[in-house]
Amino acid sequence: MDKNQSILTKREQEIFDLLVISQTTSEIASQLDISEKTVRNHISNVILKLGVKGRSQAILELLKLGIIEL
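An account of the accompanying structure is given in this report. Not measured: the values here are computed from a predicted model. All residue numbers here refer to positions counted from 1 along the written sequence of the relevant chain. The model is predicted, so local features are restricted to residues of pLDDT at least 70 and side-chain atom pairs to those at 80 or more, both for listing and for counting; the totals for chains, interfaces and linings are taken over all residues. Water and hydrogen atoms were dropped before computing side-chain values, which therefore reflect all heavy atoms in the structure.

With that settled, the discussion passes to the side chain of E12. A helix here means a DSSP run of H or I that spans at least four residues, while a strand means a run of E at least two residues long, and both kinds are numbered starting from the N terminus. With respect to the helices and strands, the residue E12 is situated in helix α1 (residues 10-19). Given a relative accessible area of 4%, E12 falls into the buried group. A polar contact of 2.9 Å, which involves the side chain of E12, links it to the backbone nitrogen of T9. Between N or O atoms, a polar contact is any pair within 3.5 Å; within protein, one atom must be a potential hydrogen donor and the other a potential acceptor, and residues adjacent in sequence are included only when both atoms are from side chains. Looking at E12, its side chain comes within polar contact range of the side chain of K49, at 2.7 Å. Contacts are assigned to residue pairs with any non-hydrogen atoms lying within 4.5 Å of each other. Ignoring sequence-local partners within four residues, the contact set of E12 consists of I7, H42, N45, V46 and K49. To sort residues, take the accessible area from a 1.4 Å probe on protein chains only and compare it with the maximum for the residue type: under 20% means buried, over 50% means exposed, and anything in between is partly exposed.

Quick look at unusual backbone geometry now. Phi is positive for S22, which is not a glycine, with a value near 65 degrees. Given a relative accessible area of 61%, S22 falls into the exposed group. Although it is not a glycine, D33 sits at a positive phi angle of roughly 60 degrees. Summarising the element assignment, D33 is placed in the loop between α2 (25-32) and α3 (36-50).

Listed below in structure tokens is the structure:
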């Protein structure tokens, strides 16, 4: 799937690109200049969109779909 046709918003994409390299919620919030709650909300939205049970499964699914890369 082309990144430009991603099911993720630009911000969700940024967050998951950082999650996949083992950044913490706190580190992501600091790097993107947003609150930790906002980071968690974006992660929750992606989990709901994908219909998975958690952030690890979301990461695996997004890797499978080619939306994020290791």
